[in-house]
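Okay, here's what each chain looks like letter by letter:
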Amino acid sequence: MPCNETSGPQRFFSPPTYTMKQIHDAIPPHCFQRKTLLSVSYILRDAVFVAALASLGAQISSIPSLRLRVMSWVIYTFLQGLVFTGLWELAHECGHQALSPSRKFNNSAGLLIHSLLLVPYHSWRFTHAQHHKSTNNMEQDIAFVPKTKEEWLEAREARSSKPIWGCWEVVEDMPIINLLILVGHQLIAWPGTLIFCPATQFFQKAARMAALSHFYFRGDGPNFRPSESDDVVLSTIGVGLVGAILYAAIGRFGFHTVFLFYGAPWLWTNHWILTITFLQHTDMSLPYYPNKTWSFLRGCASTIDRDFGFIGRNLFHGAIEYHVLHHHVCRIPFYHAKEASNAIQAVMKSHYKSDIKTPYLWAFWKNYNECRFVEERDPGSDIYFFGAK
């Protein structure tokens, strides 16, 4: 909700004034403890889920009814996609050094898990750190950076002068059209991000396309320093090895089988990762800042918690429910996140944002359609919010 914590004229929004020290002091000390064995147990648990589902999937071909086989594969790929996503989130925790005090363990586990999901672990870790360092900074962030109203209208006007786009304006708000675009986005956007990483807007306009890739290891691009090249190479080798295994599996078992057991769940995982990230950082209640009004703390407070029920809390390891905490203190392991999140809400007060009432997938559809551009609510404030299209 908008807030007004200072005296003077009524304002739509006043930025947070608490400190990071207050956040850290509010969290019980044991919440910072990372337990390697406990973390390993969660990794093994999810690996067992993968194996169990694959074993069940191997029985589907013996089902005599075609209709039941199709339904079984749909259920299998959906469920396996959920488990893959949970493993993805555990590797994400490794990238923040949040599963163990051992950096070697975190990076080894993260590299293994992300490679198996065709994600270049270290490369992603480096660019993800940029997101944490510049959350909701419209000039520096790399995750779902919105356009201002002026930029959005300018782009719309530029398109309207072209014949094909004149027709597009007639249909662009139709739900079926938006659904088709959204499905396409969910299928290709995450692999596209890995291949052509969205660097900060300044570099995005100038850098060579190849240098934007998560697989670009020369060290002269916008995303990685020369000292990080070896880790980028290692990540690329990891993905390459898994790609080679998949290629060999296709030769042995056929594309259709490999797609059903791995490819389709992998596409579901891409969908969930995009959905999770989008909804963590896109909402009518969240502020966005240019450089001159942004600060690290303001960025941390510009995220939102949501609820995805059993799936979010148990299979996705709370990545959806405790993201506000994660941006304030990213090394707290997920199994302490609920307690730590409750503790910081007393410090954040009205600046803690959550939406547990809107069904998760409805929130995704609603925000995808409504959150098109940002504009100032308080003139001259240089603080922006999504407005009605």
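Shown above is the structure to which this text applies.
Described in the following lines is the structure provided in the data block.

Conventions adopted
Residues numbered from 1 in each chain as written. Predicted model: local features only at pLDDT ≥ 70, side-chain atom pairs only at ≥ 80, totals over all residues. Heavy atoms only, no water. Helix = DSSP H or I, 4+ residues; strand = E, 2+ residues; numbered from the N terminus. Buried < 20%, exposed > 50% of the residue type's maximum accessible area, 1.4 Å probe, protein only. Salt bridge = Lys/Arg side-chain N within 4 Å of Asp/Glu carboxyl O. Expected span 1.5 Å × (residues − 1). Contact = heavy atoms within 4.5 Å.

Even without glycine at this site, Gln97 takes up a positive phi of about 60°. With a phi angle near 50°, Phe144 is a residue other than glycine that sits in the positive phi range. As for its placement among the helices and strands, Phe144 is situated in the loop between helix H5 (121-133) and strand S1 (147-148). With relative accessibility at 29%, the residue Phe144 sits in the partly exposed group.

So, about the pattern of salt bridges. Taken as a whole, this structure holds nine salt bridges when the rule is applied. Here Asp46 ties to Arg45 by a salt bridge, and the two come within 2.9 Å at their closest N and O atoms. One continuous salt-bridge network, built from bridges that share partners, spans Asp283, Arg306 and Asp355.

To continue, consider helix H4 (residues 103-116). Since the α-helix advances by 3.6 residues per turn, residues separated by three or four positions end up pointing in the same direction. Here H4 is 14 residues long and its end C-alpha atoms lie 20 Å apart, about the 20 Å a rise of 1.5 Å per residue gives. For H4, every residue scored as buried is listed here: Asn106, Asn107, Ala109, Gly110, Leu111, Ile113, His114 and Ser115. The elements touched by buried residues of H4 are helix H2 (36-57), helix H3 (66-95), H5 and helix H10 (229-253). Within two residues after H4, Leu118 carries a phi angle of roughly 60°, on the positive side.

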